[in-house]
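Reading the structure
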Amino acid sequence: MTAPSPLPGPHAPSLDLGGRTALVTGAAGGIGRACVLRLAAAGAKVRAVDRDAAGLAALAEPAAGLPGTVEPHVLDLTDLDAAEHAAAGTDILVNNAGIQLVRPIEEFPPDVFHTVLTVMLEAPFRLIRGALPHMYGQGWGRIVNISSVHGLRASAYKSAYVAAKHGLEGLSKTAALEGAAHGVTSNCVNPGYVRTPLVEQQLADQAAAHGIPEERVLSEVLLQDSAVKRLIETEEVAEAVAYLCGPHASFVTGTSLVLDGGWTAH
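Residues numbered from 1 in each chain as written. Predicted model: local features only at pLDDT ≥ 70, side-chain atom pairs only at ≥ 80, totals over all residues. Heavy atoms only, no water.

Another point: the overall build of the protein. Helices and strands together make up the secondary structure of the protein, namely nine helices and seven strands. The globule rule puts the C-alpha radius of gyration for 266 residues at 18 Å, and the 18 Å found for the protein is close to it. Overall, the C-alpha framework of the protein stretches about 55 × 40 × 40 Å when taken along its three principal axes. Evaluated residue by residue, the protein yields a buried proportion of 50% over its 266 residues. A separation threshold of at least 6 residues defines the contact pool for the protein, and within that pool the share at least 24 residues apart is 74%. Of the accessible surface of the protein, which amounts to about 11900 Å², a share of 56% is contributed by carbon and sulfur atoms. A gap of 5 Å separates the mean positions of the 18 positive and 27 negative side-chain charges of the protein. (Helix = DSSP H or I, 4+ residues; strand = E, 2+ residues; numbered from the N terminus. Rg over C-alpha atoms; globule rule 2.2 N^0.38 Å. Buried < 20%, exposed > 50% of the residue type's maximum accessible area, 1.4 Å probe, protein only. Contact = heavy atoms within 4.5 Å. Areas by Shrake-Rupley, 256 points an atom, 1.4 Å probe, with all protein chains shown as cover. Lys, Arg positive; Asp, Glu negative; His and termini not counted. Charge placed at Lys NZ, Arg CZ, Asp CG, Glu CD.)

Printed below as a string of structure tokens:
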């Protein structure tokens, strides 16, 4: 059940993003951190956006010596005007930031539902809105939205997260249709459960919701519908993001790149 994952080797596939500016949200940890380092490894100047200042500062060490640069940008995405402003001048936009709370709908706090939709749907809209003028002006741009298998399937007790991810799928497709004539692609990357602090917290939340021990949550709840019985690693997701930013993906737009271990094959 816990077979080792095929992580990228010491030499990642060739990708030259020299001269490109990328913005990654939720950059202080998990998938966002992996995306920041992968794009910087390809030569991009990366704006690392997160509200976690300490987490952003911790990027300095692994980013040292990479062909590109990492610029920390402390920002709370609920400040929508600031989010839109931060995206100006970017060539590559990776909408990754996310929040999760596991509760039955009748117990789900309305203020948390609002915040989840703000951070995970409205903020990506504002970031795309801020990035498009520059992308359109130069005739090139890449929008990569970190969705989830929950952008394609629902799970109980995750009303806000599932609603936000389904909305992100529609936003991404709309951006793809509008951006095609301007050389801008927009796609979603849809991983299953990723080895991140967010998922580790879900183990405890789901254990409480289902009334079972945490050790059973991974096999009986999180990975129940996955044919591959392991968590996906953040580096694997970042490699999919990098592919969508590369020259061989210029015809890939308006779609979802699913990394779910066979979940949606059912």
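Bringing the nonpolar core into the picture now. Formed by 35 residues in total, the largest nonpolar core has its most connected members in Leu39 and Val94. At the level of elements, β1 (21-25), α1 (30-41), β2 (45-50), β4 (92-95), β5 (141-146) and α9 (234-245) are the ones that each hand at least two residues to this core. Not counting residues within four places of it along the chain, the set of residues in contact with Leu39 comprises Leu17, Ala22, Val24, Ala44, Val46, Ile92, Val94 and Cys245. Core analysis: the next-biggest nonpolar cluster, separate from the first, contains 29 residues, Leu75, Ala87, Ala97 and Tyr161 among them. (Core = buried A, V, L, I, M, F, W, Y, C linked by side-chain atoms within 4.5 Å.)

Looking now at the confidence of the model for the protein. In this model, the protein carries an average pLDDT of 93, and 95% of its residues clear a pLDDT of 70 or more. No element of the protein has a lower mean pLDDT than helix α7 (residues 197-210), which averages 80, and none a higher one than β4, which averages 99. Within the model, pLDDT remains below 50 along residues 1-10, and this stretch shows 16 contacts once partners closer than five positions in the same chain are excluded. (pLDDT = per-residue confidence, 0-100.)

Another aspect to go through is the pairing of β5. With six of six residues buried, β5 lies mostly within the body of the structure. Alternating positions in β5 separate into two faces, Gly141, Ile143 and Asn145 on one and Arg142, Val144 and Ile146 on the other, with burial throughout. Strand direction decides the pairing type here: β4 and β5, joined by four bridges, are parallel. Considered in β5, the bridge of Ile92 is made with Arg142. Once the chain exits β4 it traverses helix α5 (residues 110-138) before rejoining the sheet at β5, and the crossover so formed is right-handed. (Pairing = 2+ DSSP bridges. Right-handed = clockwise from strand over helix to strand, strands pointing away.)

A few words on the pattern of salt bridges. Inspection of the entire model under this criterion finds eight salt bridges. In this structure, Arg126 and Glu84 form a salt bridge, with 2.5 Å as the shortest nitrogen-oxygen distance. Taken together, the positions of Arg126 in helix α5 and Glu84 in helix α4 (residues 80-86) put the pair 42 residues apart, joining distant regions of the chain. Here the two residues Arg126 and Glu84 agree in accessibility, since each one is buried. Residue Arg216 is joined to Glu220 by a salt bridge in which the shortest nitrogen-to-oxygen separation is 2.9 Å. Separated by four residues within a single helix, Arg216 and Glu220 lie in helix α8 (residues 214-222), roughly one turn from each other. By relative accessible area, which is 36% here, Arg216 ends up partly exposed. Residues joined by salt bridges that share partners form a network here, namely Asp81, Glu84, Arg126 and Arg129. (Salt bridge = Lys/Arg side-chain N within 4 Å of Asp/Glu carboxyl O.)

It is worth spelling out the sheet that holds β4 at this point. Pairing in this open sheet of seven strands is parallel, and the strands run β3-β2-β1-β4-β5-β6-β7 from one edge to the other. A strand with exactly one partner marks an edge of an open sheet, and here the two such strands are β3 (69-74) and β7 (256-259). Each neighbouring strand pair of the sheet contributes to a mean axis angle of 15 degrees, computed without reference to strand direction. Of the pairings in the sheet, the one linking β1 to β4 comprises three bridges and is parallel in character. Bridge pairing links Val24 to Val94 in β4. Across the face of the sheet, α5 comes into contact with β1, β4, β5 and β6 (184-191) while running at roughly 170 degrees to β4. (Axes fitted to C-alpha atoms, helices over the stretch in contact; angles between N-to-C directions.)

On to the side chain of Glu236, then. In this structure, Glu236 sits in helix α9. Glu236 gets classed as buried once you look at its relative accessible area, which sits at 17%. A polar contact is formed between the side chain of Glu236 and the backbone nitrogen of Glu233, at a distance of 2.9 Å. (Polar contact = N/O pair within 3.5 Å; in protein donor to acceptor, adjacent residues only side chain to side chain.)

A volume near 770 Å³ is recorded for the largest pocket. In terms of lining residues, the largest pocket is bounded by 38 residues, among which Asn96, Ala97, Gly98, Ile99 and Leu198 are the most central. A per-element tally of the lining of the largest pocket places α7 first, with four residues. Looking at the lining of the largest pocket, its residues break down into 18 nonpolar, 14 polar and six charged. (1 Å grid on protein atoms, 1.4 Å probe; cavity = no way out; pocket = protein on both sides within 12 Å on 5 of 7 lines; lining within 4 Å. Points joined across faces, edges and corners; volume = space filled by probe spheres on them. Nonpolar A, V, L, I, M, F, W, Y, C, P; charged D, E, K, R; others polar.)

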